[in-house]
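These are the residues of each chain, in order.
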Amino acid sequence: MLEIKHLSYRVDGEDGGVDILRDVSLTVEDKKFVVVTGPNGGGKTSLARAVMGIYQPTGGSIFWNGEDITRLSVTERAQRGISYGFQQPPRFKGMKVRDLLNVAAGKEMSHDSACDYLTKVGLCARDYIDRDVDASLSGGEVKRIEIATVLARRSELMIFDEPEAGIDLWSFARLTDTFQEIHDKKEATILIISHQERIIRLADEIILIANGAVAARGSVEEIYPKIIADTVTGCSRLEVDRKC
Amino acid sequence: MLNEIQKNILAIVADMKGTGEGAVNIRSDGQKAFRRNTEHIVIESKTDKDGIDIRIAPGTKDESVHIPVVLTKGGFKDMVYNDFFVGEGADVTIVAGCGIHNCSDCDSQHDGIHTFYVGKNAKVKYIEKHYGEGEGEGKRILNPQTVLYLEEGASVTLETSQIRGVDDTKRYTKVECRGAGSEVIIRENLLTHGDQKAVSEMDVFLSGFDTKAQVISRSVAQDASAQIFYPRVSGDNKCFGHVQCDAIIMGSAKVRAIPEISCNHVDASLIHEAAIGRIAGEQIMKLMTLGLTAEQAEQKILEGFLR
């Protein structure tokens, strides 16, 4: 179980400090599918990065399976079963797709296993397995390889930051099927940052983050109509401390 | 008989177990240590200077030549001239690594001048690895020169790499694609560390009609080491050339990349790219999210980059 208690994250800005996350508390139960959504700049990515350890929070704590992991490194969290799919993954000159999958799996994978993970993200494995993860791949291809590395890690908690960004409609459909399959088989807890209705509708729970705080949380039926209403009026009633 | 140090170096620089297979010439501390010819590949000692002639018969297919050099005598300086005559239509792999084991306080040095005459439609893959080891204060110095003349339709892939432990190197590579349709691919990987110095110069002349050259340099400069990379490609006919220099800089190292392209013909098309930078933090972070430590991540990135 993931527990976030009174988490805050403040960074230095030109006019003093800026609060990116403010007193965020939430719990994600095991094997749940949770979507974090909300306006751009609201703190979603910062929250996910804080859970992975990429950002160090300035206050509060994070517990994973009962252990306080707030001060643990990214590596230590990865070794405890947390993985993270970057919104804009890096490229690696000279490193092949197969190498990256092997690192993710922590062992030399069989050809078939490596190909399975690529297929799950809509890539034709034969065409990609021996390619370098470099500029010869499009943004969408790198993104799908990134997601495949998270799947290959077989972590207890999989965090994805906007997995839909840069991915074509056909691959996206394959990807949502994969998320659904992981959820149905109870293979992992999934925490996804997304704005995509199709992903949002898969969720057990939606957490709305705005202005660095939890603006609302609940089931799809409870939260999604409010999101739609916001988009119709062009004004986020869900944002905290904001008068429309 | 080869001792354990020699065997170890041969394995590193030439992937050889013992005396390997195919045509072989092992040079150790300035002397011929072992030689084997085959039906199609004949190696002969030069009579006017130190070195060998390697004659590969026309039409030779899928054969290899290994001509590694090992220096284990501290303070030894070696200079050798090796000429390769690759017959028409041959398709061979040539492996020519050099390793220095220097436990003395005097400098050890090997200068190898390799000249290739690559016949019509011949295909050559040339692999050269350089490596140094030993606890002595003496430097390990390697200065290779590689000169290639390509006839019509000839194709050469050069894969050169400096693995580790070479204190000082001045590399010079010259390629003349003078035959129509000839092409060369040069892949150079270079690692320097400590206060090592490396200079690599190249001249590629695309003088034949419809010739091609691709130069891919990948280098890593660690600690306080310094590198200079100076590839020059000249297009004197309808041709295509691409120079790509990528370097990762670490610690207080210094890297200069000065690619130069000269078009002397209206149908010559030449491109160069150069990039020098540190390992991106996001790359390290990504591999850490996959369970590697920062040090392991860095090593993994360098391994891939220099592959």
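Residues numbered from 1 in each chain as written. Chains lettered and ligands numbered in written order. Predicted model: local features only at pLDDT ≥ 70, side-chain atom pairs only at ≥ 80, totals over all residues.

## Examining the overall build of chain B
The helix and strand inventory of chain B stands at 3 helices and 22 strands. Structurally, chain B occupies a C-alpha span of about 55 × 50 × 35 Å along its principal axes. The buried share of chain B, taken over its 307 residues, is 45%. (Helix = DSSP H or I, 4+ residues; strand = E, 2+ residues; numbered from the N terminus. Buried ≥ 20, exposed ≤ 12 C-beta atoms within 10 Å, placed from the backbone.)

## Overview of the overall build of chain A
Along the backbone of chain A there are 9 helices and 12 strands. Taken over C-alpha atoms, the radius of gyration comes to 18 Å for chain A, in line with the 18 Å a tight globule of 244 residues would show. Across the 244 residues that make up chain A, the buried fraction comes to 43%. Partitioning the contacts of chain A with sequence separation of at least 6, the portion at a separation of at least 24 is 66%. (Rg over C-alpha atoms; globule rule 2.2 N^0.38 Å. Contact = placed C-beta atoms within 7 Å.)

## Looking at the packing of helix 4 (residues 111-120) of chain A against helix 6 (residues 139-153) of chain A
All names here are of chain A. Two elements in contact, helix 4 and helix 6, have axes whose closest approach is 9 Å; the angle formed by their N-to-C orientations is 125°. The angle between helix 4 and helix 6 falls in the class oblique. Remark: the crossing between helix 4 and helix 6 carries right-handed chirality. Contact residues: helix 4 offers Y117, L118 and K120, while helix 6 offers A148, L151 and A152. For the contact of helix 4 with helix 6, the class distribution of residues is 5 nonpolar, no polar and 1 charged. (Axes fitted to C-alpha atoms, helices over the stretch in contact; angles between N-to-C directions. Parallel < 35°, antiparallel > 145°, perpendicular 65-115°, else oblique. Left-handed = near helix turned anticlockwise from the far one by under 90°. Nonpolar A, V, L, I, M, F, W, Y, C, P; charged D, E, K, R; others polar.)

## Focus: the interface of chain B and chain A
By convention, interface size is frequently given as the accessible area that disappears when the constituent parts associate. Residue-level contacts link 19 residues of chain B with 21 residues of chain A. The biggest single contributor to the side of chain B that touches chain A is helix 2 (residues 281-289) of chain B, with 7 residues. Looking at the side of chain B that touches chain A residue by residue, the classes come out as 8 nonpolar, 5 polar and 6 charged.

## A closer look at the sheet that holds strand 4 (residues 59-64) of chain A
All names here are of chain A. In spatial order, the strands read 2-1-4-5; together these 4 strands make up an open sheet with antiparallel pairing. Both edges of this open sheet fall to strand 2 (16-28) and strand 5 (67-68), since each of them pairs with a single strand only. Looking at chain direction, strand 1 (residues 2-13) and strand 4 are connected through 5 bridges and run antiparallel. Paired with S8 across the strands is G59, a residue of strand 4. (Pairing = 2+ DSSP bridges.)

## Some points on the environment of A:A152
All names here are of chain A. Relative to the assigned elements, A152 resides in helix 6. Judged by C-beta crowding, with 24 C-beta atoms within 10 Å, A152 ranks as buried. Sequence separation of A152 and I193 is 41 residues, and the distance between their C-alpha atoms is 20 Å. Contact partners of A152, with chain neighbours within four places excluded, come to L101, A104, A105 and Y117.

## Some thoughts on the confidence of the model for chain A
Residues and elements named next belong to chain A. In the predicted model, chain A carries a mean pLDDT of 91, and 94% of its residues have values of at least 70. Taken element by element, chain A is modelled with least confidence in helix 9 (residues 220-233), mean pLDDT 79, and with most confidence in helix 2 (residues 74-79), mean pLDDT 98. Residue range residues 240-244 is modelled with pLDDT below 50. Its contacts to residues more than four positions away, or to other chains, number 9 contacts. (pLDDT = per-residue confidence, 0-100.)

## Re helix 2 of chain B
Three or more residues of helix 2 of chain B are buried, namely B:Q283, B:I284, B:K286, B:L287, B:M288 and B:T289. Tucked inside the fold, the buried residues of helix 2 of chain B contact helix 1 (44-52), helix 2, strand 6 (82-85), strand 7 (92-96) and helix 3 (97-105) of chain A together with helix 3 (294-305) of chain B. Directly beyond the C-terminal end of helix 2 of chain B, a positive phi value near 100° is found at B:G291.

## Some details on the pairing of strand 14 (residues 168-177) of chain B
All names here are of chain B. Burial of strand 14 is one-sided: the residues T169, R171, T173, V175 and C177 facing one way are buried, the residues D168, K170, Y172, K174 and E176 facing the other way are not. Taken together, the 8 bridges between strand 12 (residues 140-150) and strand 14 define a ladder with parallel strand orientation. Following the sheet pairing, I141 is matched in strand 14 by D168.

## Topic: the pairing of strand 2 (residues 31-36) of chain B
On any regular strand, side chains alternate: one points to one face of the sheet, the next to the other face. Residues and elements named next belong to chain B. Bridging between strand 1 (residues 23-28) and strand 2 involves 5 bridges; their strand directions are antiparallel. Residue pairing in the sheet places V24 in a bridge with R36 of strand 2. The turn joining strand 1 and strand 2, which pair antiparallel and follow one another in sequence, is formed by 2 residues; a positive phi near 45° is taken by D29.

## Some thoughts on the sheet that holds strand 11 (residues 205-210) of chain A
Residue and element names in this part refer to chain A. Pairing is mixed across the open sheet formed by 6 strands, whose spatial order is 6-9-10-3-11-12. Two strands in the sheet have a free side with no partner beyond their single neighbour: strand 6 and strand 12 (213-218). With strand direction ignored, the average angle separating the axes of adjacent strands in the sheet is 20°. Bridge analysis of strand 3 (residues 33-37) against strand 11 gives 4 bridges, and the strand direction is parallel. If you follow V35 over to strand 11, its bridge partner there is I206. Those strands touched by helix 6 are strand 6 and strand 9 (157-161), and its axis lies near 170° from that of strand 6.

## A short note on the nonpolar core
Grouped together as the largest cluster of nonpolar side chains are 148 residues, with contacts concentrated most on A:I159 and B:V184. With 7 residues, the top contributor of residues to this core is helix 6 of chain A. In this structure, A:I159 is in contact with A:A48, A:V51, A:M52, A:I82, A:S83, A:Y84, A:G85 and A:L191, ignoring residues within four places of it in sequence. (Core = buried A, V, L, I, M, F, W, Y, C linked by C-beta atoms within 7 Å.)

## Focus: unusual backbone geometry
Working note: non-glycine residues mostly have negative phi, and peptide bonds are mostly trans. All names here are of chain B. Here D15, not a glycine, exhibits a phi torsion of approximately 50°, which is positive. Within the secondary structure layout, D15 lies in the loop between helix 1 (4-14) and strand 1. Taking the number of C-beta atoms within 10 Å as the measure of exposure, D15 has 14 and is therefore partly exposed.

## Some remarks on the confidence of the model for chain B
Caution applies to low-pLDDT parts of the model: their predicted coordinates are not meant to be read in detail. Looking at chain B as a whole, its pLDDT mean stands at 95, while 100% of the residues score no less than 70. Interface confidence for the predicted complex, expressed as ipTM, amounts to 0.92; the pTM equals 0.85.

## Re the environment of A:D127
On the secondary structure map, A:D127 appears in helix 5 (residues 125-128). For the pair A:D127 and A:Q56, spaced 71 residues apart in the sequence, the C-alpha separation amounts to 39 Å.

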